[in-house]
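Reading the structure
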Amino acid sequence: MELINGLLGFVVLTSPLWLFLILLPVSIWGAVKVARRFKRVSAWLVAGVSVFMIVFLVLFADEIVGRMYLNHLCATEAGTKVYKTVELPAEYWSEKGKPKFFNSRGVLVKSVLGEQFEWRRVNESYINWFIQIDKKKLILQDNKSKLNLGEKITFSRNYGWLNQLSSAPNVGESCREAWSKRYGQNSLFQKEDSEEISFLLKIFIPISSSI
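Residues numbered from 1 in each chain as written. Predicted model: local features only at pLDDT ≥ 70, side-chain atom pairs only at ≥ 80, totals over all residues. Heavy atoms only, no water.

Quick look at the environment of Tyr-69 now. Topologically, Tyr-69 is positioned in helix H3 (residues 41–76). For the pair Tyr-69 and Ile-133, spaced 64 residues apart in the sequence, the C-alpha separation amounts to 8.9 Å. Apart from residues lying up to four places away in sequence, Tyr-69 is in contact with Tyr-126, Ile-127, Ile-131 and Ile-133. (Helix = DSSP H or I, 4+ residues; strand = E, 2+ residues; numbered from the N terminus. Contact = heavy atoms within 4.5 Å.)

Here we come to the state of the cysteines. A covalent bond between the sulfur atoms of two cysteines is what we call a disulfide. Enumeration according to the criterion identifies one disulfide in this entry. Note that Cys-74 is cross-linked by a disulfide to Cys-175, the S-S spacing being 2.0 Å. Judged by the torsion about the S-S bond (-95°), the Cys-74/Cys-175 disulfide is left-handed. Of this pair, Cys-74 sits in helix H3 while Cys-175 sits in helix H6 (residues 175–183); the two residues are 101 residues apart in sequence, bridging distant segments of the chain. The buried category is assigned to Cys-175, whose relative accessible area is 0%. (Disulfide = S-S within 2.5 Å. Buried < 20%, exposed > 50% of the residue type's maximum accessible area, 1.4 Å probe, protein only.)

Ranked by size, the top nonpolar core spans 15 residues in total, and within it Leu-88, Phe-101, Leu-108, Leu-113, Leu-140 and Phe-204 carry the most contacts. Elements with a minimum of two residues in this core: strand E2 (86–88) and helix H7 (185–203). The element contributing the most residues to this core is H7, with three residues. Counting 11 residues, the second largest nonpolar core, distinct from the first, contains Leu-70, Ile-133, Cys-175 and Leu-188. (Core = buried A, V, L, I, M, F, W, Y, C linked by side-chain atoms within 4.5 Å.)

Positive phi outside glycine occurs at Lys-146, with the angle close to 65°. Assignment of secondary structure puts Lys-146 in the loop between strand E4 (132–142) and strand E5 (147–158). The exposure class assigned to Lys-146 is exposed, which follows from its relative accessible area of 61%.

Moving on, we come to the packing of aromatic side chains. Counted by the stated rule, this structure contains eight aromatic pairs. Ring plane angle 45° and centroid distance 6.4 Å describe the contact between Tyr-69 and Tyr-126, whose orientation is recorded as tilted. Residue Tyr-69 is found in helix H3, and its partner Tyr-126 is found in strand E3 (residues 117–128); the two are separated by 57 residues along the sequence. Each ring, one from Phe-101 and one from Phe-102, has its centre 5.3 Å from the other, and the planes form 85°; the classification is edge-to-face. Each residue in the set Trp-93, Phe-101, Phe-102, Phe-117 and Phe-204 is aromatic and connected to the rest through ring pairs, giving one cluster. Over the aromatic face of Trp-119 sits the side chain of Lys-152, whose NZ or CZ is 4.7 Å from the ring centroid. For Lys-191, the ring lying beneath its charged end belongs to Trp-179, and the centroid distance is 5.0 Å. (Phe/Tyr/Trp six-rings, centres within 6.5 Å; stacked < 30°, edge-to-face > 60°. Lys NZ or Arg CZ within 6 Å of the ring centre and 35° of its normal.)

Put into structure tokens, the structure is as follows:
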């Protein structure tokens, strides 16, 4: 019984792959059938390749376009924005001028800052037609003044329709996955930590720095 359940689970998880394996020989067969109607070799080749490409695009066009557009958004629109600075008195800074209110990774320490500042998540549908991409904002808010101090913007996309045929599909990928492939996991961690610290130090500044 466990063996049968395991096999059924494997079939469910790999159902998009099975569909591709079925449609691939069908598309090749169709390409050959159409190509044989032409006498010249060049026309035979063009017809065969055209039929195959049509089937290929039906299967993977949304996946290809989605990934390309996500990479474009991650490179051009993802990042941080600072709207307002907050002056913090001397007790929030060390003798060397280093902040006490976040750790080495740039994570805010609530025990130092208290409950005045918190992160708020906002998800928006960026495009939902041929492909589905969401815009995700992580907004740092001042609960006392009710003002947004800054925000971090990223994007995520759903995988193509072929993946959705599985009853247990992978949801999709975000800018973080795209950056991980580009920079490598370890380099990405270092990049994120550095950017997080730089972002917070543009918002929280010593009182003396404004004089």
